[in-house]
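Structure at a glance
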Amino acid sequence: MVTPMIASSVLDLIGRTPLLELRRLTAGLDRTVYLKLEMLNPGGSHKVRIALNMVLAAEHEGFLVRGSGQTILEPTGGNTGIGLAMVTALLGYRLVLVIPDNYSPAKQRLLRGFGAEIVLSDHRLGGNSHGEKAMELQIEHPDWILLNQQANPANPAMHDRTTAIELLEAFSGELPDVMIAGVGTGGHLTGIGRTLRRHRPDLRIVAVTPPGCSFTENRFTTHRLQGLAVGLVPANLDVALIDEEIVVTEEEAATMMRTLMRVEGLAVGLSSAANVVAALACARTCRPGTRILTFAYDSAQDYLAELGEPGETTHPRSTS
């Protein structure tokens, strides 16, 4: 029997998230889909991993001094912001987050609860409106520290040495055949993908994209699947790792949210559900016996509008 760890900080509880085999959802397919439950991290998402590592790296490099009250600036759609809000609250920094004005109001309230200051960007200016607004603020306040998760090497490095290692241990070195992941800032797919590829060179890596978007073709359009594409190819994304892209619509992802709740008892977010849609699409076309890995990034808590009103059986149009 394992004795539970008594942590001295919530930050000590980051990582070591479990893997779940989606047996009910894949019944009769003769393929296996594994879902790594990153939503069980403190803060409710995988982004707390990189939030902590970016701050620790900046401290190590001398840009930040713990407890100084220095201002950290970051453009974020929410989950990285929550991770940073937790980290900065504990380590003694001021946090300014730039968020598109069409992102979850619930997340904005949560971020303010941690003490973060919110600046809203106009989402009509494009998928990277918050990034552009953050650069304006950086110019106005040169003493603020912009972590820039899209280009910060501490982002993929954290997944390289934690998330990927957890997967290697969980599978005892017998890695799945396919890895399916959203892209976002690129650090997750790159950090995990490059490490797992070193151990299994023939690992097939599939990126999940919204309609009209392609990282391999550098093509983007506006969409409502938060976190899957930010309107550019991020510097942290190693595009060469991507073997295939699977397009998933908002409606497909929202339907899968409800399906996972009723079939597997899992309440995951929209991008997580999109990963599962892509995993099932891959399972239907792959050879029998194929093992597929994907990820649940966050929970359904901030996407309740996607589930519709009580009594509804069809998916209402998203207002996110």
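Residues numbered from 1 in each chain as written. Predicted model: local features only at pLDDT ≥ 70, side-chain atom pairs only at ≥ 80, totals over all residues. Heavy atoms only, no water.

Now for the confidence of the model for the protein. Looking at the protein as a whole, its pLDDT mean stands at 91, while 94% of the residues score no less than 70. Of the regions scoring below 50 in pLDDT, residues 313-320 engages in 20 contacts with residues more than four places distant in sequence or in other chains. (pLDDT = per-residue confidence, 0-100. Contact = heavy atoms within 4.5 Å.)

Strand order in this open sheet of four strands is E5-E4-E3-E6, and the pairing throughout is parallel. Each of the sheet's edge strands pairs with one partner strand only, and the pair in question is strand E5 (117-121) and strand E6 (145-146). Taken together, the five bridges between strand E3 (residues 71-75) and strand E4 (residues 94-100) define a ladder with parallel strand orientation. Pairing of Ile 72 across the sheet is with Leu 95, part of E4. Running over the sheet, helix H2 (residues 79-91) touches E3 and E4 and is turned about 170° from E4. (Pairing = 2+ DSSP bridges. Helix = DSSP H or I, 4+ residues; strand = E, 2+ residues; numbered from the N terminus. Axes fitted to C-alpha atoms, helices over the stretch in contact; angles between N-to-C directions.)

Our next topic: the environment of Pro 75. You can see Pro 75 is positioned in strand E3. You can call Pro 75 buried: its relative accessible area is 12%. Sequence separation between Pro 75 and Ala 134 is 59 residues; the distance between their C-alpha atoms is 5.9 Å. In this structure Pro 75 touches Val 98, His 130, Gly 131, Ala 134, Leu 146 and Gln 149, once residues within four positions along its chain are discounted. (Buried < 20%, exposed > 50% of the residue type's maximum accessible area, 1.4 Å probe, protein only.)

Spanning 13 residues, H2 covers 18 Å between terminal C-alpha atoms, matching the ideal 18 Å at 1.5 Å per step. For H2, the tally of buried residues reaches 11 of 13 residues, placing the bulk of the element in the interior. Residues of H2 that are buried include every one of Asn 79, Thr 80, Gly 81, Ile 82, Gly 83, Leu 84, Ala 85, Met 86, Val 87, Thr 88 and Leu 91, and no others. (Expected span 1.5 Å × (residues − 1).)

The tally for this structure, following the rule as stated, stands at one cavity of 30 Å³ or more. Roughly 420 Å³ of volume is contained in the largest cavity. What lines the largest cavity is a set of 33 residues, among which Lys 47, Thr 80, Gly 184, Thr 185 and Gly 227 lie closest to the centre. If you list the elements that add at least two residues to the lining of the largest cavity, you get helix H1 (47-60), E3, H2, helix H5 (154-170) and helix H6 (187-199). When its residues are assigned to classes, the lining of the largest cavity shows eight nonpolar, 21 polar and four charged. (1 Å grid on protein atoms, 1.4 Å probe; cavity = no way out; pocket = protein on both sides within 12 Å on 5 of 7 lines; lining within 4 Å. Points joined across faces, edges and corners; volume = space filled by probe spheres on them. Nonpolar A, V, L, I, M, F, W, Y, C, P; charged D, E, K, R; others polar.)

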